[in-house]
Amino acid sequence: MNKIKNLDLGREVLGGTLAKVVMALAGFVGTVLFARVLGPTTFGGVGIVITLVKLFDKPMAGWGVAGKKRVSENPDDTSQILGAQILGNLTWLSVAALGTFLFADLVVSYTGLQRAPLFIVTLLGSVGVFSTFQSLLKGHGRINLATWIDTVRSYLTTPLQIGLILLGWGAGGMVFGLALASAALIPVTLYFLGAVPALPGRELLRSLWSYAKYSIPSTAFNHVYNRIDILILATLMSPTAVGYYDVAWKLTLPVMFVAQTAGSALMSKMSALDAADEATNTDIVNTLSFSGVLAVPAFVGFLLLHTEVLVTAFGSEYTSAWPLLIGLAAYRVVATQSQPLINALNGLDRPDITMWITGTTVAGNVVLGVVLTLYYGPVGVVIATFLAEFARYIAAIVIIHREVTPFSPVSKPVVQQIASAVVMGAGVALTQQFVTVASWVDLGILVGVGAAVYWLVLLSISKQLRTTLQSAFVGMPIDLP
């Protein structure tokens, strides 16, 4: 019996989200520390290296998504799928290493780091491989556990990087610290996966490729989609516009934690249910019901406190970024709904549809982004991103309506979240009459009032949320075997 069919989405999502919050704290501290110690040139070069790694690892990542799908259908095939993943990783690492060293001069010139080719291959062989094994663990429905392992990796990475930098390794300290931490957690991930790699059969390889031939380009499209705004602004506008966009992007990123974790869990459960020919619509609706639980109040909060947040966090020179902050907050609300739907389609064994939806979204975002940026400036690219994401959301709804019936994209809990956010907004607006933001303390008071009002109202009116939280807290935070 495939136990993934009975996966407790609430517990996995809550545990995974908590892990993402803890992990984000480590990332933020590390970014600030190393940006100061290494200086903008070296730090920027490492950033370019990591960006290239994230681009070059897409065949491995897409193969990992295919493995996640197939292992969730039949966990008994885990050993063969793990073997196939290792073979795929080794094959692509060989190709990537050959290409990187053949074009070493170009890579060095582009990054400004003499050892950049070595850095790229090292990170592909550690971070890239770690991520693919994480995909298989998530395929077993253990999103909570996988995310906490990733969090441990983050907290191991920073001290390793500090130690190597103090030893005089410079950029290599950042790269090899991350690589060592990732390599150290690979055996841990494999231990919890509970399988010994086996040579995959032809039928299994054909099954994996039938999925991977769509999931590989989809992961590439998603990467481009997440970075296209920066590229458009860098080409058409100024570095200042890129800076405005970047701070707005980072401020709104945490509201996606629930949706990201929920989407990953949903894919695994949908896959198991679909393979058993069982109903899947209830889990889709339940996931969408709470994916935006952070994004909805955050949007209202940024509407009211956009200037205060930007000035307090980054300084008065970032005041002009407020339209981008509000626009990206609105985009995040839509994305919390569309991303789980895309994961649901992947779980329904339709990676071909998600590939075409994402590819079309990227193309539309590029065209709209260029046109609207030329007409309206930096805010134009945000408008384009919102419209592209909304189109992706509608397309996913239409397709899932055809694949799964009945299906309602807007549930009662979503309406309750909107109502609670409106009440929260009123409470924050009233508090603003008595509190003027001049420091982190003042901002904290307003944010604290908003959070308290939102959650008190939502918990009081949403029985489904109370039930979900009560169930999710059982056995938290990590599901050990």
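Quick caveat, the model's predicted, so the values are computed rather than measured. (Residues numbered from 1 in each chain as written. Predicted model: local features only at pLDDT ≥ 70, side-chain atom pairs only at ≥ 80, totals over all residues. Heavy atoms only, no water.)

S.K.: Could you clarify how one ought to interpret the nonpolar core in this entry?
M.R.: In summary, soluble globular proteins display a tendency toward joint burial of nonpolar side chains. With 49 residues, the main nonpolar core has Val-49 and Leu-123 as its most contacted residues. Going through the elements one at a time, helix H1 (9–56), helix H2 (58–73), helix H3 (78–102), helix H5 (116–139), helix H6 (143–166), helix H7 (171–193) and helix H8 (202–236) are the ones with two or more residues in this core. Here this core gets 11 residues from one element, more than from any other, and that element is H5. Apart from residues no more than four positions distant in its own chain, Val-49 is found in contact with Thr-111, Leu-113, Ala-116, Phe-119, Ile-120 and Leu-123. Residues Met-256, Ala-259, Phe-290 and Val-309 belong to the second largest nonpolar core, which totals 46 residues. (Core = buried A, V, L, I, M, F, W, Y, C linked by side-chain atoms within 4.5 Å. Buried < 20%, exposed > 50% of the residue type's maximum accessible area, 1.4 Å probe, protein only. Helix = DSSP H or I, 4+ residues; strand = E, 2+ residues; numbered from the N terminus. Contact = heavy atoms within 4.5 Å.)

S.K.: I tried to follow unusual backbone geometry on my own but got confused; where do I start?
M.R.: With glycine set apart, most residues show a phi of negative sign, and most peptide bonds adopt trans. At Asp-349, a residue that is not glycine, the phi angle is positive and equals roughly 65 degrees. For Asp-349, the position within the fold is in the loop between helix H13 (322–347) and helix H14 (351–376). On the accessibility criterion, Asp-349 (31% relative accessible area) is partly exposed.

S.K.: What is the right way to read empty space enclosed by the protein from this model?
M.R.: Any empty space left between atoms is shown by rolling a water-sized probe over those atoms. Under the counting rule described, the total for this entry stands at 1 cavity of 30 Å³ or more. Contributing elements (two or more residues each) for the lining of the largest cavity: H8 and helix H9 (239–252). Element by element, the count of residues in the lining of the largest cavity is highest for H8, at 5 residues. When its residues are assigned to classes, the lining of the largest cavity shows 5 nonpolar, 3 polar and 2 charged. (1 Å grid on protein atoms, 1.4 Å probe; cavity = no way out; pocket = protein on both sides within 12 Å on 5 of 7 lines; lining within 4 Å. Points joined across faces, edges and corners; volume = space filled by probe spheres on them. Nonpolar A, V, L, I, M, F, W, Y, C, P; charged D, E, K, R; others polar.)

S.K.: What's the story with the environment of Trp-440 in this structure? I'm lost.
M.R.: The residue Trp-440 is located in helix H17 (residues 440–461) in this model. Distance in space between the C-alpha atoms of Trp-440 and Val-309 is 9.1 Å, their sequence separation being 131 residues. Leaving out residues up to four positions away in the same chain, Trp-440 has contacts with Thr-312 and Ala-313.

S.K.: Hey, could you run me through the confidence of the model for the protein in this one?
M.R.: Residues shown with low pLDDT carry predicted positions that ought not to be read at fine detail. When pLDDT is averaged across the protein, the result is 85; 91% of the residues are at 70 or more. This model gives residues 475–481 a pLDDT under 50, and the stretch forms 22 contacts once residues within four places in sequence are excluded. (pLDDT = per-residue confidence, 0-100.)

S.K.: What am I meant to see in the packing of helix H12 (residues 295–314) against H13 here?
M.R.: The geometry of a pair of packed helices is captured by two quantities: the angle between their axes and the separation between those axes. The geometry of H12 relative to H13 is characterised by a closest axis approach of 9 Å and an angle of 170 degrees between their N-to-C directions. Taken together, the axes of H12 and H13 lie roughly antiparallel to each other. Two secondary-structure elements touch here, H12 through Ala-295, Val-296, Phe-299, Phe-302, Leu-303, His-306 and Leu-310 and H13 through Trp-322, Leu-325, Ile-326, Ala-329, Ala-330, Arg-332, Val-333 and Thr-336. Here the contact of H12 with H13 is composed, by residue class, of 12 nonpolar, 2 polar and 1 charged. (Axes fitted to C-alpha atoms, helices over the stretch in contact; angles between N-to-C directions. Parallel < 35°, antiparallel > 145°, perpendicular 65-115°, else oblique.)

S.K.: Looking at this model, I keep getting lost on a nonpolar patch on the surface. Mind explaining?
M.R.: Together, Leu-236, Met-237, Val-367, Leu-368, Val-370, Val-371, Leu-374, Tyr-375, Tyr-376, Ile-383 and Leu-387 make up an exposed nonpolar region whose accessible area comes to about 1,000 Å². Breaking the nonpolar patch down by element, the ones donating at least two residues are H14 and helix H15 (378–403). Ranked by residues supplied to the nonpolar patch, first place goes to H14 with 7 residues. Relative to the elements of secondary structure, Ile-383 occurs in helix H15. Classification of Ile-383 by relative accessible area gives partly exposed; the value is 36%. (Patch = residues over 30% accessible without salt bridge, like charges linked within 9 Å, V, L, I, M, F, W, Y side chains within 5 Å. Areas by Shrake-Rupley, 256 points an atom, 1.4 Å probe, with all protein chains shown as cover. Salt bridge = Lys/Arg side-chain N within 4 Å of Asp/Glu carboxyl O.)

S.K.: I'm lost on helix H16 (residues 412–432) in this one. Help?
M.R.: Helical geometry: 3.6 residues make up each α-helical turn, so side chains three or four residues apart lie on a common side. A rise of 1.5 Å per residue sets the reference length of H16, with its 21 residues, at 30 Å; its end C-alpha atoms lie 30 Å apart and thus fit the reference within 8%. Where H16 is concerned, the buried positions are Pro-413, Val-414, Gln-416, Gln-417, Ser-420, Ala-421, Met-424, Gly-425, Val-428 and Thr-431. (Expected span 1.5 Å × (residues − 1).)

S.K.: Which parts of the structure should I look at to understand the packing of aromatic side chains?
M.R.: One pair of aromatic rings is described through two measures. These are the centre distance and the angle between the planes. Evaluated as defined, the whole model comprises 10 aromatic pairs. Relative to Phe-390, the ring of Phe-386 lies with its centre 6.3 Å away and its plane at 15 degrees, an arrangement referred to as stacked. With Phe-386 and Phe-390 both in helix H15 and 4 residues apart, the pair spans about one turn of that helix. For Phe-390, a relative accessible area of 40% corresponds to the partly exposed category. Taking 5.2 Å as the distance between ring centres and 80 degrees as the angle between the ring planes, the aromatic pair formed by Tyr-454 and Trp-455 counts as edge-to-face. On the basis of relative accessible area, Tyr-454 is assigned to the buried category, the value being 1%. On the accessibility criterion, Trp-455 (31% relative accessible area) is partly exposed. Members of the aromatic cluster, connected to one another through ring pairs, are Phe-119, Trp-169 and Phe-176. (Phe/Tyr/Trp six-rings, centres within 6.5 Å; stacked < 30°, edge-to-face > 60°.)

S.K.: Would you take a moment to explain the packing of helix H11 (residues 281–291) against H13 for this structure?
M.R.: Their axes nearest at 9 Å, the elements H11 and H13 cross at an angle of 155 degrees. As judged from the angle between their axes, H11 and H13 are roughly antiparallel. When you trace H11 past H13, the crossing you get is right-handed. Seen from H11, the contacting residues are Ile-284, Thr-287, Leu-288 and Ser-291; seen from H13, they are Thr-336, Gln-337, Pro-340, Leu-341 and Ala-344. (Left-handed = near helix turned anticlockwise from the far one by under 90°.)

S.K.: Would you mind going over the pattern of salt bridges with me for this structure?
M.R.: One side chain can pair with another of opposite charge once the charged atoms of both are near each other. A complete count under the given rule lists 8 salt bridges for this structure. The salt bridge involving Lys-58 is made with Asp-57; its shortest N-O contact spans 2.9 Å. The shortest N-O distance in the salt bridge between Glu-73 and Lys-69 comes to 3.1 Å. Placement of the pair is Glu-73 and Lys-69 together in helix H2, with a separation of 4 residues, close to one helical turn. The class for Glu-73 is partly exposed, based on a relative accessible area of 25%. On the accessibility criterion, Lys-69 (1% relative accessible area) is buried. Each of Lys-69, Arg-70, Glu-73 and Asp-349 takes part in salt bridges that share partners, so that together they form one network.

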